[in-house]
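Each chain, written out:
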Amino acid sequence: MAQKLIQLKLFNPILLKFEAATKAITLDPFFCKYARHVGRLDEAMELKRTVSDIKHEVYSRLIQNEKTQRRVSGIAKELKKIHREAVQNTINSVTVVAVLFASIAFLAIFNLPGQYLSRVLESGGWRA
């Protein structure tokens, strides 16, 4: 029977068209099932791409945050160094001013207010 059908197919184009139509009809449910999943596959691929894009974006942000953190810590170190230098300069300035005040106070203790001895002698008032 199969040989007769093959022979008929070769010689009868109408039979070939009929068989093609029946194959299409029998395969149609498969294609319908596949067609149901085509949109889901596209949605799944789109979701996968979106997740991958988000993952790469998060990773690049993490790298950028690490670089920023390194820069900020470098700036903080420089600011601490500048602050230490400023405090040291202030200490030096205050020390100089304190020494000047102490020296003026020391001189004021030994220099009593009053006239010089040479002026008293010139006026002829006091004689030794």
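Keep in mind that what you see is a predicted model, and the values were worked out from it rather than measured.

**Remarks on the confidence of the model for the protein chain**
Mean pLDDT over the protein chain works out to 76, with 55% of the residues at or above the 70 mark. Averaged over each element, pLDDT in the protein chain is lowest for helix H1 (residues 2-11) (51) and highest for helix H2 (residues 13-110) (82).

**Concerning a positive patch on the surface**
A surface patch of positive charge is lined by Lys77, Lys80, Lys81 and Arg84. Take Lys77: it is sitting in helix H2. Residue class for Lys77 comes out exposed when judged on its relative accessible area of 60%.

**Remarks on the pattern of salt bridges**
Within the structure shown, the criterion is met by two salt bridges. For Glu46, the salt bridge goes to Arg49, with nearest N and O atoms at 3.4 Å. Of the two residues, Glu46 and Arg49 both sit in helix H2, three residues apart, roughly one turn of that helix. Linking Glu57 and Arg61 is a salt bridge whose minimum nitrogen-to-oxygen distance equals 3.2 Å. Of the two residues, Glu57 and Arg61 are both situated in helix H2; the distance of four residues between them amounts to about one turn of the helix.

How each quantity is defined
Residues numbered from 1 in each chain as written. Predicted model: local features only at pLDDT ≥ 70, side-chain atom pairs only at ≥ 80, totals over all residues. Heavy atoms only, no water. pLDDT = per-residue confidence, 0-100. Helix = DSSP H or I, 4+ residues; strand = E, 2+ residues; numbered from the N terminus. Patch = residues over 30% accessible without salt bridge, like charges linked within 9 Å, V, L, I, M, F, W, Y side chains within 5 Å. Areas by Shrake-Rupley, 256 points an atom, 1.4 Å probe, with all protein chains shown as cover. Salt bridge = Lys/Arg side-chain N within 4 Å of Asp/Glu carboxyl O. Lys, Arg positive; Asp, Glu negative; His and termini not counted. Charge placed at Lys NZ, Arg CZ, Asp CG, Glu CD. Buried < 20%, exposed > 50% of the residue type's maximum accessible area, 1.4 Å probe, protein only.

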